[in-house]
Amino acid sequence: MPTKTASFAATFAAIDIGSNSCRLKIARAVAHRLKTLHEDREVTRLGTSVFETGLVSPDAMALTIKALKRFQRAIQTHGVDQIRVVATAAMRDARNAQAFVSWAKAETGWTIEIISGLEEGRLIHRGVMTNEPGTAGKCVLVDVGGGSCEITLSEHKRIKETVSLPLGAVRLTQEFIPTDPASEEGLARMKQFIARELRRAHRRINPGTVPLVIATSGTAAALAESHSVLVKPEPKTARKTKAAQVEITTQRQVRMLATKLRKMTMAERSAVPGIGPKRAEIIVAGACVYAELLETFNLAGFRYSDLGLRDGILAQMLAEQDDRAMAHQQFEQERWESVLATARRYGVDLRQAEPVKAHAVQLFRDLATLHKLPDEYSDWVAAAAMLSETGKFLNHQGHHRHTQYIISSSEIYGLTWQQRTIVSAIARYLGKTRPQPGDRAMRNILPEEHANVLRSVVLLRLARALNQDRASDVLRVTARVYPKRVLLELQQGRTGAELELWSLRKEADYFRDVFGRELFVTLL
């Protein structure tokens, strides 16, 4: 993807609305790296009612909103420049998720983004890879949250495979062992369910010999701290790194922990260092997931990391804005590779799409004084150019509508839901239809972005017009901007440029309506 120039000092905030707790992290960009300024956490159990009834309870909503308003005060105090708020498994499952999103919007002004399990896994991976030492080789990342469990196989800091499973500690507790002490029947059913889900995951992720397993989130932290109290230490469980001694919680220790914790009362678990009253309610389920996972995947143990989803959000915000940040180049590459993978999945001929993308990016650059679009729209136009033919996978008739649906619904690493919505709208209007505020494609785009989408559509239409004759070689075009007109000069290919010339002139009325200038096209 095209890169941007950025040199600045900015403060970012990431909020993770999880099924068990809400977390805030504020960091400032210092010398192209992130320096943590503030962290906060509140256990809200948003998922408890969801996993029982399918709905977020009013009490859980109110408690979460209260935490968000506290976070907002901290964000205002630290003068945050950019914020991203994401919600995970509980909100993915809740039938009344939109009611909560609307309430949070009214109280804070924030737009909550409900991310998929795969996007959650990708962001966790980004957070860990950006800051955790010793992750350059092959490793497995495990995050057992309140509602889901993300397992990622990473090699050379790149995702090889990732899965999201319904194995969150709150979900499992609510479903199988809601009483204390847990019934033997409930524990047996829970173990069977966990084993089944992990077997399915193992068909997709078969890591073989892995030297490093990194576990994140509260359950892993509790197990890592409590094993030194509840389980006898093993020889060679501390492994030397360049920085310090790193404690490894072994497979045997986790299984022993899971066995001991299930036999303890809630009060006894609450008294264990690292667990406490809140975690005591769900630690039995969480420990069981880790025990089964390590055995199913034949992993020796795990190393706990306090990094996670919010760190990945912060790293991505920095990478998007600062092209000198360590993660910028990798972020741009991963995002573009995901765009190309999506194009291939839906049968797009990349050899035909690439010239359209190249012309779209060139026109974006050459007409910058005219369109005045934000820099990131260069990426969105490029992505739309590569994906504009995906709708033909479903049906050639009305394929522009199908394209919009496919892009907005696809998992494209590095593109948020709002960004995918913008890309899908740009790719939607390449036929006879023009964007209207009430259109389905435009409905979920912020009103202040509508004019930007309109201008981007025109640029992509011009790029498409420049590539009408698929049999000809790629045309060269020069764009010149004048006070009342824009001139496109075409250098003919070996087979001429008559069809492209005709197609470009057909866009003149649309161009004038959007930019208020006449469009002239000539052949050199």
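See the structure printed just above.
Computed from a predicted model, the values in this text were never measured in an experiment.

Visitor: Tell me what's going on with the layout of surface pockets, and back it up with residues and numbers.
Guide: Estimates place the volume of the largest pocket at around 1300 Å³. Surrounding the largest pocket, 38 residues form its lining, Glu113, Thr416, Gln418, Gln419 and Leu446 being those nearest its centre. Secondary structure elements with two or more residues in the lining of the largest pocket: strand E4 (82–87), helix H4 (97–108), strand E5 (112–114), helix H13 (309–321), helix H17 (377–387) and helix H19 (417–428). Grouping the amino acids of the lining of the largest pocket by side-chain chemistry returns 15 nonpolar, 11 polar and 12 charged.

Visitor: Describe in detail the sheet that holds strand E13 (residues 476–481), supporting the description with residues and values.
Guide: Strand order across the open sheet formed by 3 strands is E13-E14-E15, with mixed pairing between neighbours. At either end of the open sheet lies a strand with only one pairing partner, and these are E13 and strand E15 (518–523). The mean angle between the axes of side-by-side strands here comes to 20 degrees, regardless of whether they run parallel or antiparallel. Of the pairings in the sheet, the one linking E13 to strand E14 (residues 485–491) comprises 6 bridges and is antiparallel in character. Bridged to Ala479 within E14 is Leu488.

Visitor: Can you explain the nonpolar core? Please cite residues and give values.
Guide: In this structure, Ile426, Val453 and Leu460 are the most contacted members of the largest nonpolar core, which totals 60 residues. Residues within four places of Ile426 in sequence aside, it is in contact with Tyr377, Trp380, Val381, Ala384, Val453, Ser456, Val457 and Leu460. The next biggest cluster of nonpolar side chains, apart from the first, holds 48 residues, and it includes Leu153, Val210, Ala220 and Val272.

Visitor: Please provide a residue-by-residue account of the side chain of Ser388, values included.
Guide: Mapped onto the fold, Ser388 is located in the loop between H17 and helix H18 (399–409). Looking at Ser388, the relative accessible area reads 1%, which means it is buried. Of the polar contacts made by the side chain of Ser388, one reaches the backbone oxygen of Ala385; its length is 3.3 Å. Those residues within four positions of Ser388 in sequence are excluded, and the remaining contacts are His399, Thr403, Ala427, Leu430 and Arg464.

Visitor: Which residues make up a nonpolar patch on the surface, and what values do they have?
Guide: Judged by side-chain polarity, Phe393, Leu394 and Tyr405 come together as a nonpolar surface patch covering roughly 360 Å² of accessible area. Residue position: Leu394 is located in the loop between H17 and H18.

Visitor: Explain the packing of aromatic side chains to me, using residue names and the numbers behind them.
Guide: One pass over the structure, following the stated rule, counts 4 aromatic pairs. Considering the side-chain rings of Phe176 and Phe193, the 5.4 Å spacing of their centres and the 40 degrees angle between planes classify their relative orientation as tilted. Taken together, the residues span a long stretch of sequence, with Phe176 in helix H6 (residues 169–176) and Phe193 in helix H7 (residues 184–204) at a distance of 17 residues. As far as burial versus exposure is concerned, Phe176 and Phe193 are alike and both buried.

Visitor: Outline the pairing of strand E1 (residues 11–17), listing residues and values.
Guide: Burial runs high along E1: 7 of the 7 residues are buried. Residues Thr11, Ala13, Ile15 and Ile17 of E1 are buried on one face, and the alternating residues Phe12, Ala14 and Asp16, pointing to the opposite face, are buried as well. Where E1 meets strand E2 (residues 21–30), 7 bridges bridge the pair, whose relative direction is antiparallel. Within E2, the residue paired with Ala13 across the bridge is Ile26. The antiparallel hairpin formed by E1 and E2 contains 3 residues in its connecting segment. One ladder, built from 6 bridges, connects E1 with E4; its direction is parallel. By the bridge assignment, Asp16 is partnered in E4 with Val86.

Visitor: An account of helix H23 (residues 508–515) is requested, with residue identities and associated values reported.
Guide: Listed as buried for H23 are Ala508, Tyr510, Phe511, Val514 and Phe515. Viewed end-on, H23 has its buried residues packed into an arc of 160 degrees, placing them on one side of the element. Contacts made by the buried residues of H23 are with helix H16 (368–371), helix H21 (450–465), E14, helix H22 (498–506) and E15. One or two residues past the end of H23 sits Gly516, with phi positive at roughly 70 degrees.

Visitor: I'd like a rundown of the sheet that holds E1, residues and numbers included.
Guide: Pairing is mixed in the open sheet, where 5 strands are placed in the order E3-E2-E1-E4-E5. The strands lining the two open edges of the sheet, one partner per strand, are strand E3 (33–43) and E5. Sheet twist, expressed as the mean angle between neighbouring strand axes with direction ignored, is 20 degrees. One ladder, built from 3 bridges, connects E4 with E5; its direction is parallel. Paired with Val85 across the two strands is Ile112, which belongs to E5. Strands E1, E2, E3 and E4 of the sheet are contacted by H13, whose axis makes an angle of about 145 degrees with E1.

Visitor: Provide a residue-level description of the environment of Asn96, including the pertinent values.
Guide: Inspection of the secondary structure puts Asn96 in the loop between helix H3 (89–93) and H4. Considering only alpha carbons, one finds Asn96 and Leu55, 41 residues apart in sequence, at a separation of 5.8 Å. Sequence-distant contacts of Asn96, that is, excluding residues within four places in its chain, are made with Gly54, Leu55, Val56 and Met61.

Visitor: Which residues make up the pattern of salt bridges, and what are the values?
Guide: Per the counting criterion, the structure on display carries 37 salt bridges. The shortest N-O distance in the salt bridge between Glu334 and Arg126 comes to 2.9 Å. Here Arg126 lies in helix H5 (residues 117–131) and Glu334 lies in helix H14 (residues 328–345), a separation of 208 residues in the sequence. Of the residues examined, Glu334 reaches a relative accessible area of 13% and is grouped as buried. By relative accessible area, which is 5% here, Arg126 ends up buried. For Arg204, the salt bridge identified is with Glu161, shortest N-O distance 2.8 Å. Taken as a pair, Arg204 in helix H7 and Glu161 in strand E8 (residues 158–165) lie far apart in primary sequence, 43 residues in all.

Cut-offs and rules
- Residues numbered from 1 in each chain as written.
- Predicted model: local features only at pLDDT ≥ 70, side-chain atom pairs only at ≥ 80, totals over all residues.
- Heavy atoms only, no water.
- 1 Å grid on protein atoms, 1.4 Å probe; cavity = no way out; pocket = protein on both sides within 12 Å on 5 of 7 lines; lining within 4 Å.
- Points joined across faces, edges and corners; volume = space filled by probe spheres on them.
- Helix = DSSP H or I, 4+ residues; strand = E, 2+ residues; numbered from the N terminus.
- Nonpolar A, V, L, I, M, F, W, Y, C, P; charged D, E, K, R; others polar.
- Pairing = 2+ DSSP bridges.
- Axes fitted to C-alpha atoms, helices over the stretch in contact; angles between N-to-C directions.
- Core = buried A, V, L, I, M, F, W, Y, C linked by side-chain atoms within 4.5 Å.
- Buried < 20%, exposed > 50% of the residue type's maximum accessible area, 1.4 Å probe, protein only.
- Contact = heavy atoms within 4.5 Å.
- Polar contact = N/O pair within 3.5 Å; in protein donor to acceptor, adjacent residues only side chain to side chain.
- Patch = residues over 30% accessible without salt bridge, like charges linked within 9 Å, V, L, I, M, F, W, Y side chains within 5 Å.
- Areas by Shrake-Rupley, 256 points an atom, 1.4 Å probe, with all protein chains shown as cover.
- Salt bridge = Lys/Arg side-chain N within 4 Å of Asp/Glu carboxyl O.
- Phe/Tyr/Trp six-rings, centres within 6.5 Å; stacked < 30°, edge-to-face > 60°.
- Arc of directions from axis to C-beta.

Everything listed here is a matter of coordinates, which is why it stays silent on function.
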